[in-house]
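What follows is each chain in one-letter form.
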Amino acid sequence: MLKRILLLALLSNILPIGEMMSGSYAQTVRKFTLKNSADGQSELTVYLPSEEALAKSNGRFIVDCPGGGYTHLAMDHEGHDWAEFYNNQGIGFAVLKYRMPNGDRNIPLSDAYNAIRTVRDSASVWHVNPKNVGIQGFSAGGHLASAVSTHAPMSVRPDFSILFYPVISMNERQTHRGSCIGFLGDNRNDEKLQKQWSSDKAVKRHMVPPTILIFSNDDKTVQPATNAVAYYSSLRGAGANCSMICYPTGGHGWGFRSNFKYHELMKTELTQWLNDLKMPTENAVKVACVGNSITDGHGIDVSDLYGYPARLGKNLGLNYAVKNFGVSGRTLSNSGDHAYQKEEAWKRCLEWQPEVVVIKLGTNDTKTHNWKTAEGDLKSSMKTMIDSLRALPTNPRIIVAAPIPSFKNVWDIRDSVTVNGVIPQIPEFVKEENLEYLDLYNATNSIENLQKEYLLRDGVHPNEKGCQKIADLVAEKIKSPAPKNQIREKKIRKRKK
């Protein structure tokens, strides 16, 4: 890793850098091209803005994927022509020359993954905030960008996505046929693969970054209804932070061409969206919220903006990066009907390598069919979870929260079992493992009119006011110093490693 960064630093200093631009302040001050694949066929052309401009953008960077139906690349109007627009805003920019798949989807995917990895690896050299790296794509490049946004490992998953008239579906009856042939090849009629790589079918709650889709209503090449609109609908249905701009006319493939009727309006609207998109600072502490439907945001519309983890992020500010890994209906016990540790969200949480983890599970363990075994293996399941977290190089601070009260026996959730079965085991386990305990049960149960004002009608899940209360309590805990015994335990584990 160190050798790679040093090489990139050397390249950025010795390769041709472009010209200093005239105007009120410098725009692109450095331009260079890097090989992006072992065979040298994929390249990344990087445009870095001035330090003066950088101060305005929180180190933002965008990797661009031009379109071309997975047969060629429109490198200018969907690539290089955007550099000045972004550099003027202090945003670093790189155009990805990705290799054509010719039926092997892993070729362009690996090029896109490597491009984002290169940007994040080079963050200190290029003055980039590694928590503010986005991806932009056009047409088939929009499909590639959306595929990276829904499938990539957390280390190379972008922090935001900008998609212009994107190919989304891999069903050639709904989309651009040539893109399907290029990406899936002879397997393009395989329904399982079609579904896997149709990005609207690949959306997982809380796992897709903030996204904006921009296209024309009269696009006859890539039908908006079954592509861009379908992706927006899927994102919106999952409670994601997403936006959509549809212009009346313009067709397909206008990119940065000034003869596009809405060119100036598009620039203004995209700039406003970027300005409104607040991202954590470079050294922000990563906070993972692990839990069931209460963390997931059941019953909260647009939970990525209004659920408890989203509100926690607003409470803590930009020096914290908060991510929601909640999954509805999941149990703390590994013997439960839907064990949390068997979920993809748990795998993604570990991949993300958080520095603080808030665990809020146990409500679904109270169901009759779950409690038969959960009563005996709750602690061992918690131990497995904690051991996985402690194995991370970030050595995270771990806060285990008690479930909140429930007032109705819906879904066979029993508050009496929460009080007499689940809760007594948690503080006991926390003490044994030198962890931190957050008693959310008593902290919320003492609130006047809790059921009527802070919970949904089901008597189990918090409404928006309840989400804010949980966020306040969790934020207060995170902002407080870690206990001395946990700090000492972390130092001991570091020495052992």
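Look a little higher up for the structure.
Cut-off values and rules
- Residues numbered from 1 in each chain as written.
- Predicted model: local features only at pLDDT ≥ 70, side-chain atom pairs only at ≥ 80, totals over all residues.
- Heavy atoms only, no water.
- Helix = DSSP H or I, 4+ residues; strand = E, 2+ residues; numbered from the N terminus.
- Buried < 20%, exposed > 50% of the residue type's maximum accessible area, 1.4 Å probe, protein only.
- Contact = heavy atoms within 4.5 Å.
- Pairing = 2+ DSSP bridges.
- Axes fitted to C-alpha atoms, helices over the stretch in contact; angles between N-to-C directions.
- 1 Å grid on protein atoms, 1.4 Å probe; cavity = no way out; pocket = protein on both sides within 12 Å on 5 of 7 lines; lining within 4 Å.
- Points joined across faces, edges and corners; volume = space filled by probe spheres on them.
- Nonpolar A, V, L, I, M, F, W, Y, C, P; charged D, E, K, R; others polar.
- Phe/Tyr/Trp six-rings, centres within 6.5 Å; stacked < 30°, edge-to-face > 60°.
- Lys NZ or Arg CZ within 6 Å of the ring centre and 35° of its normal.

Trainee: Give me the environment of Thr281: which residues, what numbers.
Mentor: By secondary structure assignment, the location of Thr281 is in the loop between α10 (263-276) and β9 (285-291). In this structure Thr281 comes out as partly exposed when scored by relative accessible area, which is 25%.

Trainee: Could you give me a rundown of the side chain of Ser139, with the residues and numbers involved?
Mentor: Its place among the elements puts Ser139 in the loop between β5 (133-138) and α6 (140-151). The class for Ser139 is buried, based on a relative accessible area of 8%. Residue contacts for Ser139: discarding those within four places in its chain leaves Gly67, Phe164, Tyr165, Pro166, Val167, Val222 and His252.

Trainee: How would you summarise the sheet that holds strand β1 (residues 28-35) if you had to cite specific residues and measurements?
Mentor: In spatial order, the strands read β1-β2-β4-β3-β5-β6-β7-β8; together these eight strands make up an open sheet with mixed pairing. The open sheet has two edge strands with one neighbour each: β1 and β8 (242-247). Taken pair by pair, the neighbouring strands of this sheet meet at an average axis angle of 15 degrees, ignoring direction. Pairing geometry for strand β2 (residues 43-49) and strand β4 (residues 92-97), over five bridges, is antiparallel. Of the residues in β4, the one forming a bridge with Val46 is Ala94. Sheet strands in contact with helix α9 (residues 228-237) are β6 (160-164), β7 (211-216) and β8, and its direction is about 155 degrees off that of β7.

Trainee: Give a detailed account of the layout of surface pockets, specifying residues and quantitative values.
Mentor: Here the largest pocket is characterised by a volume of approximately 1500 Å³. Every element with two or more residues in the lining of the largest pocket is listed here: α4 (106-121), α10, α12 (303-306), α13 (308-316), β10 (320-326) and α14 (344-352). Ranked by residue count, the leading element in the lining of the largest pocket is β10, at five residues. Residues of the lining of the largest pocket, tallied by class, amount to 22 nonpolar, eight polar and 15 charged.

Trainee: Would you mind going over the packing of aromatic side chains in detail, with residue names and values included?
Mentor: By convention here, two paired aromatic rings are described through the distance between centres and the angle between planes. In the structure shown here, the tally under the stated rule is 27 aromatic pairs. Pairing Phe138 with Phe164 gives two aromatic rings, centres 4.7 Å apart and planes at 5 degrees, and the pair type is stacked. Placement of Phe138 in strand β5 and of Phe164 in strand β6 is noted, with a sequence separation of 26 residues between them. Seen from the ring of Phe160, Arg60 lies directly overhead, with NZ or CZ sitting 5.2 Å from the centre. The positively charged end of Lys286 is found above the aromatic ring belonging to Trp352, 5.2 Å away from the centroid.

Remember that the coordinates give geometry; whether it matters functionally is a separate question.
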